[in-house]
Amino acid sequence: METALKRHGVLVLHLLIMALLLIGLVQRTQFHFLPQVSIYIGVLLAGYALLNRLVPGFRRPAAPSSAYTLLFIRAVLIAQVVQMIAHWAWLGGIPLWEALHEQDDLRIVEIRRAAGEGVPLLLDYFSHFLIKALVPMALLLAWSTNRRLFWLLAVCASVYAASLLAKSFFITLFVPLLLALLVTRQWRYSAVLVSLFLVVTVLLSTAANPQKLRSRPAPGTTGQSVAEDAGVKEHGFVLDALLGVGRRVVLMPGWTVAEWFTHIPSGIPYAKGGAVRPLAVVLGVPYTDYTEKVYDLAYPEMAAKQVPGTMGTASFMYGYANFGTWGLFGSGLITACVLLLVQRIYGTRWKWALALNAFPLLALSGSALPTVLLTHGWGLTILLFLWLRPAHEPAA
């Protein structure tokens, strides 16, 4: 296993995430759609093996001066502070603070949505670049080179990410560091970081879901109360919050794939290139947001109330939404090319490859490839690695 991680770590990570995806898919639809997913995996593996034989590696230039690393970390810290102030100023407040003073569930949903959709596009994109690429890279570098800058950036970025009411944002900041600590066997720091993830998850769940704290008098008792929420009543608030995150990570990716297979093409015709914006532009066809269309069919009661929503899914499903089975073939081949290219870029730096590519590969289980490369910062992370080319191992 260690040899496979060193030589083909990016592919191994993707396959492990695909295995997680299959858990939710089988749990929701048994083995009904496994043949279709097998097409994607088979083409992916065959394409990767063939390209690995045909495409040679390349030499990498020596690492630049460490002064560039410190300059980068300082620049990210300044950018984070400026972004935090600008974002809150545009919104006219801090979303987390506003949510803590609300009891209306729908109002909190609006606050959380406005945190991203209620700001100019440039501000929103830079927020994603910071949280998903710039800050994680800077934190990983600062851990090994300058702990003072690490703590300054970690506190600023954590406050900002938590303020946007998205649990995943806070965790995303530290995913590369956690992976680096694990592969370098720093178990104590790894345990502390995981514990912090759990605490923040529970706290943000409390702020975003106040209805789970509501209780009513227990029948037949005096002065005692029971939780109104069924999940909290059965498991307790903390365990229910953690189970919710577990379902989202382990089962939700497979559930969304099942919904897309179920409703395409029976309820929604193949898009013929229109389900992915860059492809729609190239082919000259209208772009159609299939995440909204599938959401409306998966949650008809919400659609009837005209409550907007989206249901993203694994990257290969956008190929299926475009061209059916042929789209799965194309997705497998394109993903093989991308994974091999990324593996070639990192070369023998397998610990860096695991640390920096885990989040983007996880994002592929819920978004189209162009979205992951741009909005989720995968392309930017790769460029940063090529520019900085750290001489040391991550978290060393």
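Just so it is clear, the model here is predicted, and its values are computed rather than measured.

Draft legend 1. Looking closely at the side chain of Gln-83. For Gln-83, the location among the structural elements is in helix H3 (residues 66-91). Under the relative-accessibility criterion, Gln-83 is labelled buried at 3%. Reaching out from Gln-83, the side chain makes a polar contact with the backbone oxygen of Leu-123 at a distance of 3.1 Å. A distance of 3.1 Å separates a polar atom in the side chain of Gln-83 from a polar atom in the side chain of Tyr-160. Ignoring any residue separated from it by four or fewer positions in sequence, one finds Gln-83 in contact with Leu-123, Phe-126, Ser-127, Leu-130 and Tyr-160.

Draft legend 2. Looking closely at the pattern of salt bridges. All told, the structure shown has two salt bridges when counted by the stated rule. Across the pair Arg-28 and Glu-259 runs a salt bridge whose closest N-O atoms are separated by 3.3 Å. Separated by 231 residues along the polypeptide, Arg-28 in helix H1 (residues 2-29) and Glu-259 in helix H11 (residues 237-263) bring together distant segments of the chain. For Arg-28, a relative accessible area of 35% translates into the label partly exposed. Residue Glu-259 is classed as buried on the basis of its relative accessible area of 15%. The salt bridge involving Glu-110 is made with Arg-113; its shortest N-O contact spans 2.8 Å. Within this pair, Glu-110 and its partner Arg-113 are both found in helix H5 (residues 105-117), separated by three residues, close to a single helical turn.

Draft legend 3. The packing of helix H15 (residues 315-323) against helix H16 (residues 325-346), seen in detail. In contact at an axis separation of 6 Å, H15 and H16 are set at 145° when each is read in the N-to-C sense. Of the two possible hands of crossing, H15 and H16 adopt the one that is right-handed. Residues Phe-316, Gly-319, Tyr-320 and Phe-323 of H15 touch H16, and the partners they reach there are Thr-325, Trp-326, Gly-327, Leu-328 and Ser-331. When grouped by side-chain class, the residues that make up the contact of H15 with H16 number five nonpolar, four polar and no charged.

Draft legend 4. Spotlight on the environment of Ala-353. Following the sequence through the fold, Ala-353 ends up in helix H17 (residues 350-363). Residue classification places Ala-353 among the buried positions, given a relative accessible area of 1%. Taking the C-alpha atoms as reference points, Ala-353 and Pro-308, separated by 45 residues in sequence, lie 37 Å from one another. With near-sequence residues (within four places) excluded, Ala-353 lies in contact with Val-10 and Tyr-346.

Draft legend 5. Summary view of the nonpolar core. Ranked by internal contacts, the top residues of the largest apolar core, which has 106 residues, are Phe-72, Phe-174, Leu-177, Trp-260, Phe-316, Tyr-346 and Trp-378. Top contributing element to this core by residue count: helix H6 (residues 121-145), with 12 residues. The residues contacting Phe-72, other than those within four sequence positions of it, are Leu-134, Met-137, Ala-138, Leu-141, Leu-384, Trp-387 and Leu-388. Residues Ile-108, Ile-111, Leu-165 and Ala-207 belong to the second largest nonpolar core, which totals five residues.

Draft legend 6. Quick peek at unusual backbone geometry. Going from Ile-264 to Pro-265, the amide bond is cis rather than trans, its omega being 5°. Positionally, Pro-265 belongs in the loop between H11 and helix H12 (277-283). Unusually for a residue other than glycine, Leu-165 sits at a positive phi of about 65°. With respect to the helices and strands, Leu-165 occurs in the loop between helix H7 (147-163) and helix H8 (167-183). Not every positive phi belongs to a glycine, and Arg-185 is a case in point at roughly 60°.

Reading guide: rules and limits
Residues numbered from 1 in each chain as written. Predicted model: local features only at pLDDT ≥ 70, side-chain atom pairs only at ≥ 80, totals over all residues. Heavy atoms only, no water. Helix = DSSP H or I, 4+ residues; strand = E, 2+ residues; numbered from the N terminus. Buried < 20%, exposed > 50% of the residue type's maximum accessible area, 1.4 Å probe, protein only. Polar contact = N/O pair within 3.5 Å; in protein donor to acceptor, adjacent residues only side chain to side chain. Contact = heavy atoms within 4.5 Å. Salt bridge = Lys/Arg side-chain N within 4 Å of Asp/Glu carboxyl O. Axes fitted to C-alpha atoms, helices over the stretch in contact; angles between N-to-C directions. Left-handed = near helix turned anticlockwise from the far one by under 90°. Nonpolar A, V, L, I, M, F, W, Y, C, P; charged D, E, K, R; others polar. Core = buried A, V, L, I, M, F, W, Y, C linked by side-chain atoms within 4.5 Å.

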